[in-house]
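# Structure at a glance
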Amino acid sequence: MSVLAIDAGNSKTDVALIGADGTVLGTARGGGFRPPSVGVEVAMHMLATTVEEAHLASRSPGPLRVAHVSACLANADLPVEERELTAALEARGWGDSVRVHNDTFAILRAGLPSGAEPCGVAVVCGAGINCVGMTPDGRTARFPAIGKISGDWGGGGGLAEEALFFAARAEDGRGEATALAGALPAHFGLSSMYELIEALHLEKIPVVRRHELSPVLFEVAAAGDAVAGALVRRQAEEIVALAAVALGRLGLLGTPTPVLLGGSVLAARHPQLDDAVRELLAARAPKAVPLVVTASPVLGAGLLGLDRVAAPDAAYARLRAQYV
């Protein structure tokens, strides 16, 4: 086998074992990758379980060993984190070489057309939000993407928190009326925000289920609710701000450049969000070419791996064909 491709996000992990000719030999899916919450060793142990499942699915004899491990990992936001996670993967002995990227690079690599130069900007809006950019000469643009302390706003988790905030204030009279006050508790079969607040606080509803509220927000916004609509608009503004700043840092504002939009929130193609992103991007970065990436990010991790092993063109085409 040539490449072990890993795309480990906050909510799920996908692993693929890829042959030298680009054939996917085995795959597996596991839970989220959260070293800040559980520690690097526990996160790596959970990842190892998913990798072993992919190895078993490949029916390859003997212990796992590949030419290269291409790992696109959530929470690899700072150079020190990349180094720590690289060392942890090297200690597993899965490959002759290891390269750790932030998981946003998987979206960027997966979304670039076949044969295109590695040039573009990717914005991921999934459980969280992040942006990266790169040019053919190796320059990159990145953000810490650690949350509010690094200036971030939104993503599925952030949108759910904002929706809860405004719904709670609407119900008790501190804020503007919004249909979110009824829609959010109704999603969980409850009749009021008070009941939902209690259920979340006492963890009768698991914290992980809060992400289910982001689609509810978009449904309420689509029905014309002003509060929900304003949150969707702000999310579009944040996405475009990240993309425009990254393009500016790389000197690409005056050049036609793909802006690849990925992650569960953007891939869902909510019309209000999609239209607002395109409208605002056209105003702030007229040369940008927005493209929604729906391919599995593990494809991007695999393509990055093939880059490292100097795979033939046919291997790239074969790998892409298996993720159409």
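As shown above, the structure is provided for reference.
Residues numbered from 1 in each chain as written. Predicted model: local features only at pLDDT ≥ 70, side-chain atom pairs only at ≥ 80, totals over all residues. Heavy atoms only, no water.

Considering all chains together, one arrives at one aromatic pair under this definition. Taken together, a centroid distance of 5.1 Å and an interplanar angle of 85° make the contact between Phe165 and Phe166 edge-to-face. Residue Phe166 is classed as partly exposed on the basis of its relative accessible area, which comes to 30%. Lying across the ring of Phe143, Arg249 places its NZ or CZ 4.5 Å from the centre. (Phe/Tyr/Trp six-rings, centres within 6.5 Å; stacked < 30°, edge-to-face > 60°. Buried < 20%, exposed > 50% of the residue type's maximum accessible area, 1.4 Å probe, protein only. Lys NZ or Arg CZ within 6 Å of the ring centre and 35° of its normal.)

For Ala16, the position within the fold is in strand β2 (residues 12-18). Sequence separation of Ala16 and Pro136 is 120 residues, and the distance between their C-alpha atoms is 26 Å. Once residues within four sequence positions are removed from consideration, Ala16 is found in contact with Val3, Leu4, Ala5, Val24, Gly26, Thr27, Val298 and Tyr323. (Helix = DSSP H or I, 4+ residues; strand = E, 2+ residues; numbered from the N terminus. Contact = heavy atoms within 4.5 Å.)

Let us look at the sheet that holds strand β10 (residues 288-292). Strand order in the open sheet made by the five strands is β8-β7-β6-β9-β10, with mixed pairing throughout. For this open sheet the edge positions go to β8 (140-142) and β10, each flanked by a neighbour on one side alone. Taken pair by pair, the neighbouring strands of this sheet meet at an average axis angle of 15°, ignoring direction. Relative to β8, strand β7 (residues 129-134) runs antiparallel, the two sharing three bridges. Among the inter-strand pairings, Met134 is bridged to a residue of β8, identified as Thr140. (Pairing = 2+ DSSP bridges. Axes fitted to C-alpha atoms, helices over the stretch in contact; angles between N-to-C directions.)

For the rest of this paragraph, the subject is the sheet that holds strand β1 (residues 3-8). On the basis of which strands lie adjacent, the open sheet formed by five strands has the order β3-β2-β1-β4-β5 and mixed pairing. Two strands in the sheet have a free side with no partner beyond their single neighbour: β3 (24-31) and β5 (95-102). With strand direction ignored, the average angle separating the axes of adjacent strands in the sheet is 15°. Pairing between β1 and strand β4 (residues 66-73): six bridges, direction parallel. Residue pairing in the sheet places Asp7 in a bridge with Cys72 of β4. Sheet strands in contact with helix α12 (residues 297-308) are β1, β2, β4 and β5, and its direction is about 145° off that of β1.

So yeah, pure geometry; function would need other evidence.
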